[in-house]
Amino acid sequence: MKMFLALLVCGLVVALVVIGLFVFGLRRRLIQRAGGTFDCSLRWNIGEEPDPSGKGWVYGVARYSGDEIAWFRVFSYAPRPRRVLERSAIEVLERRMPEGEEELALLSDSVIQGCLHRGTRLELAMSEDALTGFLAWLEAAPPGQRVNVA
């Protein structure tokens, strides 16, 4: 009887893990279904000086959605984006390469773009190609809309 109970518990744990991974993958697929997505790590509300410790970076997926970028944490089950960045509120600051432990915290080909969004300083880490697309998206604002690309 004890053996049966142990096998039942183990089976339930394995089933829950498989279901959790399936839902996790399904969420990512639904986010990417609309297109216009790219891998993008985010560090929100940072100080003026770069912090090479690697702390604060969260791996995510960003999706273009009209005049907004919706940013989703990768390791989450939440169906809604964690952050929404409006094109008109983004001010581009400096670009830099990862330093120190940041190189371990970010994807290998990442470039870091500093930005200001509604007074909050943030950094986005993405590939060079994704950064080119991001800057082109910012510059492609509709006529009459303020764009802050340096």
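As shown above, the structure is provided for reference.
What counts and what doesn't
- Residues numbered from 1 in each chain as written.
- Predicted model: local features only at pLDDT ≥ 70, side-chain atom pairs only at ≥ 80, totals over all residues.
- Heavy atoms only, no water.
- Helix = DSSP H or I, 4+ residues; strand = E, 2+ residues; numbered from the N terminus.
- Rg over C-alpha atoms; globule rule 2.2 N^0.38 Å.
- Buried < 20%, exposed > 50% of the residue type's maximum accessible area, 1.4 Å probe, protein only.
- Contact = heavy atoms within 4.5 Å.
- Areas by Shrake-Rupley, 256 points an atom, 1.4 Å probe, with all protein chains shown as cover.
- Lys, Arg positive; Asp, Glu negative; His and termini not counted.
- Charge placed at Lys NZ, Arg CZ, Asp CG, Glu CD.
- Polar contact = N/O pair within 3.5 Å; in protein donor to acceptor, adjacent residues only side chain to side chain.
- Pairing = 2+ DSSP bridges.

Chemist: Before we go on, may I ask you to explain the overall build of the protein in this structure?
Modeler: A tally of helices and strands in the protein yields three helices and eight strands. Secondary structure of the protein in N-to-C order comes out as α-β-β-β-β-β-β-α-β-β-α. Here the protein has a C-alpha radius of gyration of 19 Å; the compact-globule value for 150 residues is 15 Å, and the former is much larger. Dimensions along the principal axes, computed over C-alpha positions, put the protein at roughly 70 × 35 × 25 Å. The 150 residues of the protein split such that 35% are buried. For the protein, restricting intrachain contacts to residue pairs at least 6 apart in sequence, the fraction spanning at least 24 positions comes to 54%. By element, 60% of the accessible surface of the protein is carried by carbon and sulfur atoms, the whole surface being about 9,300 Å². Charge-centre separation for the protein: the mean point of 18 positive side chains lies 12 Å from the mean point of 18 negative side chains.

Chemist: Sorry, what's going on with the side chain of Ser110 here?
Modeler: In this fold, Ser110 is placed in strand β7 (residues 110-117). Its relative accessible area of 5% is what places Ser110 among the buried residues. A distance of 3.0 Å separates the side chain of Ser110 from the backbone oxygen of Leu107, its partner in a polar contact. Once residues within four sequence positions are removed from consideration, Ser110 is found in contact with Met97, Pro98, Ala125 and Met126.

Chemist: How do you make sense of unusual backbone geometry when you look at a structure like this?
Modeler: The bulk of non-glycine residues show a negative phi, and the bulk of peptide bonds are trans. Here Asn45, not a glycine, exhibits a phi torsion of approximately 55 degrees, which is positive. Inspection of the secondary structure puts Asn45 in the loop between β2 (41-44) and β3 (60-65). Of note in this structure, Arg118 is not a glycine but carries a positive phi near 50 degrees. Since its relative accessible area comes to 60%, Arg118 is described here as exposed.

Chemist: What's the story with the side chain of Ser41 in this structure? I'm lost.
Modeler: Relative to the helices and strands, Ser41 resides in strand β2. Sequence-distant contacts of Ser41, that is, excluding residues within four places in its chain, are made with Trp57, Val58, Tyr59, Gly60, Trp71, Leu106, Glu123, Leu124 and Ala125.

Chemist: It is not clear to me how the pairing of β3 should be interpreted in this structure. Could you clarify?
Modeler: On any regular strand, side chains alternate: one points to one face of the sheet, the next to the other face. As judged from the three bridges shared by strand β1 (residues 37-39) and β3, these two strands associate in the antiparallel manner. Among the inter-strand pairings, Phe38 is bridged to a residue of β3, identified as Ala62. Both β3 and strand β4 (residues 68-73) contribute to a ladder of six bridges, which runs antiparallel. Within the sheet, the bridge partner assigned to Val61 lies in β4 and is Phe72. Between β3 and β4, which pair antiparallel and follow one another directly, the connecting turn spans two residues, one of which, Gly66, has a positive phi of 65 degrees.

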